[in-house]
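Chain residues, written in single-letter form:
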Amino acid sequence: MEFKIERVAELARLNLKSEEKQKLEKDLGAILDYVKKLEALDTKGVEPTSHVLNMENVFRADEVKPSDAAEKALEHAPHADGRFFKVPKIVHRD
Amino acid sequence: MNYEPVIGLEVHVQLKTWSKLFCSCSTEFGAEGNSHTCPVCLGWPGSLPVLNEAALKLGIRVGLALNCKVAERLKFDRKNYFYPDLPKAYQISQFDMPVNGKGELLIETKTADGKMIERKIGITRAHLEEDAGKLLHEGITDGSLVDYNRGGIPLLEIVSEPDLRSPQEAYDYLTALKAILQYVEVSDCDMEKGSLRCDANVSVRPVGQEKFGTKVEIKNLNSFKMVQKAIQYEIERQTEAIEGGETIVQETRLWDDGKGTTFSMRSKEEAHDYRYFPEPDLVPFTLSLELVKSIEATLPELPMARAKRFIKEFGIPEYDAYVLVQEKKLAEYFEACVREGAGAKTASNWIQTELLAMLNAKNIAIEDCPVASKEFAGLLKLVEAGTVSGKTAKDVLQEMAATGKAADVIVKEKGLTQVSDTGLIEKAVEKAIAANPVAVAEFKAGKQKALGALVGAIMKETQGKANPKIVNEILQKKLQG
Ligand SMILES: [Zn+2]
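None of the values given here were measured: they were computed from a predicted structure.

Caption draft 1: Examining the interface of chain A and chain B more closely. Counting residues at the interface gives 36 residues for chain A and 60 residues for chain B. Carbon and sulfur atoms supply 56% of the area buried between chain A and chain B, which totals about 4400 Å² over both sides. Our count for the chain A to chain B interface comes out at four salt bridges. A salt bridge links Arg83 of chain A to Glu32 of chain B; its shortest N-O distance comes to 3.8 Å. Mapped by element, the contributors of at least two residues to the side of chain A that touches chain B are helix H1 (5–11), strand E1 (59–60), helix H3 (69–76) and strand E3 (84–87) of chain A. Counted by class, the side of chain A that touches chain B contains 15 nonpolar, five polar and 16 charged residues. With two bridges joining them, E1 of chain A and strand E2 (residues 51–52) of chain B adopt parallel strand pairing. The partner of Arg60 of chain A across the bridge, within E2 of chain B, is Asn52 of chain B.

Caption draft 2: Fine view of the sheet that holds strand E1 (residues 3–14) of chain B. Residues and elements named next belong to chain B. Taken in spatial order, the eight strands line up as E6-E7-E10-E1-E11-E12-E13-E14 in an open sheet, and their pairing is mixed. Edge positions in the sheet fall to strand E6 (103–110) and strand E14 (261–264), since each has one partner strand and no second. Neighbour to neighbour, the strand axes of the sheet diverge by 30° on average, direction disregarded. Two elements, strand E7 (residues 116–130) and strand E10 (residues 154–160), share seven bridges in a ladder whose sense is antiparallel. Note that in E10 the partner of Glu129 across the bridge is Leu155. Where helix H3 (residues 224–243) meets the sheet, its contacts fall on E1, strand E11 (196–206), strand E12 (216–221), strand E13 (252–256) and E14, and the angle it forms with E11 comes to roughly 25°.

Caption draft 3: The arrangement of the nonpolar core in detail. One finds Leu9, Ile158 and Tyr173 of chain B to be the most contacted residues of the largest nonpolar core, which totals 63 residues. Dropping the residues within four chain positions of it, Leu9 of chain B is found in contact with Ile158, Val159, Ser160, Leu164, Ala170, Tyr173, Leu174, Cys198, Asp199, Ala200, Val227 and Ile231 of chain B.

Caption draft 4: Region of interest: the sheet that holds strand E9 (residues 144–147) of chain B. Strand order in the open sheet formed by four strands is E2(A)-E3(A)-E9(B)-E8(B), and the pairing between neighbours is antiparallel. Of all the strands in the sheet, just strand E2 (80–81) of chain A together with strand E8 (134–136) of chain B have a single pairing partner and so form its edges. The sheet contact formed by E3 of chain A and E9 of chain B spans three bridges and is antiparallel. Bridge pairing in E9 of chain B links Phe85 of chain A to Val146 of chain B.

Caption draft 5: Expanded view of the coordination of the zinc ion. All names here are of chain B. Bound to the zinc ion on the protein side are Cys23 (SG), Cys25 (SG), Cys38 (SG) and Cys41 (SG), at distances that span 2.3 to 2.4 Å. Taken together, the four donor atoms coordinating the zinc ion and their angles of 99 to 116° define a geometry best described as tetrahedral. Donor residues for the zinc ion sit on one chain with the sequence pattern C-x1-C-x12-C-x2-C. Taken together, the positions of Cys23 in the loop between E1 and E2 and Cys38 in the loop between E1 and E2 put the pair 15 residues apart, joining distant regions of the chain. For Cys38, a relative accessible area of 9% puts it in the buried group.

Caption draft 6: Summary view of the packing of aromatic side chains. Inspection of every chain in the model, using the stated rule, returns 13 aromatic pairs over all chains. Ring centres 5.5 Å apart and planes at 50° place the aromatic pair Phe85 of chain A and Tyr148 of chain B in the tilted group. Highlighted residues: Phe85 of chain A in strand E3 and Tyr148 of chain B in the loop between E9 and E10, drawn from two different chains. Classification of Tyr148 of chain B by relative accessible area gives buried; the value is 9%. Aromatic pair Phe22 of chain B and Phe76 of chain B: ring centres 5.4 Å apart, planes at 90°, arrangement edge-to-face. Taken together, the positions of Phe22 of chain B in the loop between E1 and E2 and Phe76 of chain B in the loop between strand E3 (73–74) and strand E4 (77–80) put the pair 54 residues apart, joining distant regions of the chain. Members of the aromatic cluster, joined through ring pairs, are Phe59 of chain A together with Phe22, Phe76 and Phe285 of chain B. Seen from the ring of Tyr274 of chain B, Lys79 of chain B lies directly overhead, with NZ or CZ sitting 4.4 Å from the centre. The ring of Tyr171 of chain B carries Lys225 of chain B above its face, with NZ or CZ at 4.4 Å from the centroid.

The rules behind each value
Residues numbered from 1 in each chain as written. Chains lettered and ligands numbered in written order. Predicted model: local features only at pLDDT ≥ 70, side-chain atom pairs only at ≥ 80, totals over all residues. Heavy atoms only, no water. Contact = heavy atoms within 4.5 Å. Buried area = accessible area lost by both parts, 1.4 Å probe. Salt bridge = Lys/Arg side-chain N within 4 Å of Asp/Glu carboxyl O. Helix = DSSP H or I, 4+ residues; strand = E, 2+ residues; numbered from the N terminus. Nonpolar A, V, L, I, M, F, W, Y, C, P; charged D, E, K, R; others polar. Pairing = 2+ DSSP bridges. Axes fitted to C-alpha atoms, helices over the stretch in contact; angles between N-to-C directions. Core = buried A, V, L, I, M, F, W, Y, C linked by side-chain atoms within 4.5 Å. Buried < 20%, exposed > 50% of the residue type's maximum accessible area, 1.4 Å probe, protein only. Donors = N, O, S within 2.8 Å, 3.2 Å for Na, K, Ca; no water. Tetrahedral: all angles 85-135°; square planar, octahedral: opposite > 155°, others 65-115°. Phe/Tyr/Trp six-rings, centres within 6.5 Å; stacked < 30°, edge-to-face > 60°. Lys NZ or Arg CZ within 6 Å of the ring centre and 35° of its normal.

The following block contains the structure:
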């Protein structure tokens, strides 16, 4: 399978050194080659699977339950300001 | 060369649920920062989303109202991108198996020469997804603040086909869509609170060319009027650019309402790569025919059908009917007035002018109207019977709103009954003619306008209570005689 390690790294927001690039390119290539073996199987007439569990229609009722997660999260956030998380200024949307 | 625009709209509507799409946090607007968050919507490792059944049913409701093909099987997918308003670094959305497939929306629109026409606008799909959080920049120089209360709120993204051909059509499409969403009671559609949002895709092409031009996406559109203005601006900008030999680049532009222009967000050279893949934390869903049928059975009469019924049943003009049905409560008010015995045309005219003007002046919605439909019909019946003049009736309406009294009570108390007594009016006419020789001479010299001064004098004499129709008849007769 074709891929560009620079593009993969960019999408994952990773700054890779050149020796890391080489190593990861090899590892990722090996993983993709392994997955490629599946292509040998004849899947004609087999419905694509999107989930491995043989289960469907799991719902919750539309009920509100309070949570104190924010207090804990704000406490452990690298930066916070009162009730808000604080992040570096972002100029434009990705 | 002549160019034509090709427009498609993406509307995000917030579905009216108590809790979020995949967790039990409240969807209430305006709460304290981050108070409606939990491990699921903050994206904590190990937390698992579970679909809100009510949100799915509301989504299907919209799909049915838009004549969409509702899916038999649906799933959710991850849309991956990094942005601080997205705690998980992906948004749970739907990619290739949306809840609603192709549909259509009939709209009533005005052509450039003012003709009312019906147009069928294709709906590509309408899928469920979670909202992102909100970034706050105001007053902060060294960063941005994030509030995740909105993160995870259920949205339905309604994507139109590129079937719209003018800013006016785009506006009329949005108005029609909003009316449907309100009729089926899935959202409060409040653009100020962000529960209805719209992005526009705009391109232009030479008339006659089949292939689409390069499209530009416009964001930051906070009202339907802004959508209309931004599209108009963008059509002109693109046409000028092409005629000047430039190539349009596919990009996202933001609308600057103050300047009345769009500007580029300077997106990175490489296109987005959202790397959609099936959301492993959610199982797929199968919708039974019974479920879809049971939702369909609860759909109310939709605006277009109601307008057609009003035209047929009440004989009101097409345009009036479409204005009345845009707001469900207004349509109901009108129909109630007619059922109470008011004439349909009178009711339609008075609701669209006097009643709406009064409500606008007081800044209240029709559902909070201080004059109930039954009382309003009572006033209209007095007008139609000639008991009060139209002018007096406007004052009576204000009085009704202020005191809550019925129209006939006010008319009786204040002695506002219109004078239709020809003898009395005749006297007033004679007096006016005698007192205004100049106006009489002017009228006789062919100046129709001079009649106004005479009518004014008669009305003054009768304290505005004379029946204008009878005044006119007598006046004409006396002047010609
Ligand atoms: Zn939550």
